[in-house]
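Letter by letter, the chains look like this.
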Amino acid sequence: MIEKRAAPGGVASRALYSPCGAYRYGLERRWAAGRGLLCIMLNPSTATEAANDPTIERCQRRAVALGFGAVRIANLFGFRATRPADLKRAADPVGPANDALLAQWTAEADMVLAAWGVHGALAGRGRRVAAALRGDVRHLGLTRDGFPRHPLYVSYDVQPQAWSQEERRAHAQTENA
């Protein structure tokens, strides 16, 4: 894994990429000591260690408002794409190091915010990851099919809601129904 660091605006930042650059496994922003929020979304887009895209900007602002000192971004799929259609065409959208990073960062998080949206249905990935999450897992609302809403489209007024392990397991079972 390739680690790149930057400090735009005094915020310590790092990103973890595959050697080929096709995958970004993790992105981290730290502005203060203290608790960390992990946002698990669909897949990485254009954000890097040096610059936010609109989604990462929104996650960082939400983390600050919630009193966290850092935000980490991990994804169901590590493949970098700006459109879900590109993700669907990828030979290996998850990537070889993605599951290990998800497990490690989930274990280290003070709160996990599930936020991958309806495209988490791809290959049943969202349901499997949801069922495996541990700790303080939350969401910003669920779609009618039970997927955690993407933060780009949710008001800052919406507070993270608990997503119990039982609810996540039930959500995973709907794939087989």
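Structure's up top.
Quick caveat: nothing in here was measured; it's all calculated off a predicted structure.

Student: Explain the overall build of the chain to me, please; I cannot follow it from the model alone.
Tutor: Secondary structure assignment for the chain yields 5 helices and 8 strands. Secondary structure of the chain in N-to-C order comes out as β-β-β-β-α-β-α-α-β-α-β-β-α. For the chain, whose C-alpha radius of gyration is 15 Å, the value lies close to the compact-globule estimate of 16 Å for 177 residues. The C-alpha extent of the chain, read off along each of the three principal axes, is 50 × 35 × 25 Å. Put simply, 68% of the contacts in the chain that link residues at least 6 apart link residues at least 24 apart.

Student: Even after reading the chapter, I still don't get the sheet that holds strand 6 (residues 111–114), so can you show me in this structure?
Tutor: Across a sheet, paired strands are connected by hydrogen bonds in the backbone, their directions being either parallel or antiparallel. Strands sit in the order 1-2-3-5-4-6-7-8 across an open sheet of 8 strands; the sheet is mixed. Each of the sheet's edge strands pairs with one partner strand only, and the pair in question is strand 1 (2–6) and strand 8 (161–162). Where strand 1 lies against strand 2 (residues 12–17), 5 bridges are found, and the strand directions are antiparallel. Within the sheet, the bridge partner assigned to Ala6 lies in strand 2 and is Ser13. Helix 3 (residues 98–108) contacts strand 2, strand 3 (24–30), strand 4 (36–41), strand 5 (70–75) and strand 6 of the sheet and is inclined by roughly 150° relative to strand 5.

Student: Can you help me understand the packing of aromatic side chains in this one?
Tutor: For any pair of aromatic rings, the description consists of the separation of the ring centres together with the inter-plane angle of the planes. With the rule as written, the count across this model stands at 3 aromatic pairs. Ring centres 6.1 Å apart and planes at 50° place the aromatic pair Trp116 and Trp163 in the tilted group. Of this pair, Trp116 sits in the loop between strand 6 and helix 4 (125–132) while Trp163 sits in the loop between strand 8 and helix 5 (165–173), and the two are 47 residues apart along the sequence. Here the two residues Trp116 and Trp163 agree in accessibility, since each one is buried. Site record: aromatic cluster; members linked through ring pairs are Tyr23, Tyr25 and Phe79. Positioned above the aromatic ring of Tyr17, the side-chain terminus of Lys4 is 5.4 Å from the ring centre. A cation over an aromatic ring shows up here: Arg58 above the ring of Tyr156, its NZ or CZ 4.1 Å from the ring centre.

Student: Just to check I follow, could you spell out unusual backbone geometry for this structure?
Tutor: At Ala123, a residue that is not glycine, the phi angle is positive and equals roughly 55°. Looking at where Ala123 falls in the secondary structure, it is placed in the loop between strand 6 and helix 4. Ala123 sits in the exposed class, given a relative accessible area of 56%.

Student: Sorry if this is basic, but what is going on with the pattern of salt bridges here?
Tutor: Note on pairing: side chains with opposite charge can pair once their charged atoms come close. Overall, the coordinates contain 10 salt bridges when judged by the stated rule. With a shortest N-O distance of 2.6 Å, Glu108 and Arg72 are connected by a salt bridge. Residue Glu108 is found in helix 3, and its partner Arg72 is found in strand 5; the two are separated by 36 residues along the sequence. Taking the relative accessible area as the measure of exposure, Glu108 reaches 42% and is therefore partly exposed. Of the charged contacts, one joins Arg125 and Asp99 as a salt bridge, the two residues approaching to 2.5 Å between their closest N and O atoms. Here the residue Arg125 occupies a position in helix 4, and Asp99 occupies one in helix 3, the gap between them amounting to 26 residues. A relative accessible area of 43% means that Asp99 is categorised as partly exposed. A network of salt bridges, in which partner residues are shared, links Glu3, Arg5, Arg14, Glu28, Arg72 and Glu108.

Student: Is there a simple way to think about the pairing of strand 2 in this case?
Tutor: The side chains of a regular strand alternate between both faces of the sheet. With 5 of 6 residues buried, strand 2 lies mostly within the body of the structure. Between the end of strand 1 and the start of strand 2, which pair antiparallel, lie 5 residues, with Gly9 showing a positive phi angle near 60°. Both strand 2 and strand 3 contribute to a ladder of 6 bridges, which runs antiparallel. Bridge pairing links Ser13 to Arg29 in strand 3. Counted between consecutive antiparallel strands, the loop separating strand 2 from strand 3 contains 6 residues, among which Gly21 sits at a positive phi close to 85°.

Criteria and cut-off values
Residues numbered from 1 in each chain as written. Predicted model: local features only at pLDDT ≥ 70, side-chain atom pairs only at ≥ 80, totals over all residues. Heavy atoms only, no water. Helix = DSSP H or I, 4+ residues; strand = E, 2+ residues; numbered from the N terminus. Rg over C-alpha atoms; globule rule 2.2 N^0.38 Å. Contact = heavy atoms within 4.5 Å. Pairing = 2+ DSSP bridges. Axes fitted to C-alpha atoms, helices over the stretch in contact; angles between N-to-C directions. Phe/Tyr/Trp six-rings, centres within 6.5 Å; stacked < 30°, edge-to-face > 60°. Buried < 20%, exposed > 50% of the residue type's maximum accessible area, 1.4 Å probe, protein only. Lys NZ or Arg CZ within 6 Å of the ring centre and 35° of its normal. Salt bridge = Lys/Arg side-chain N within 4 Å of Asp/Glu carboxyl O.

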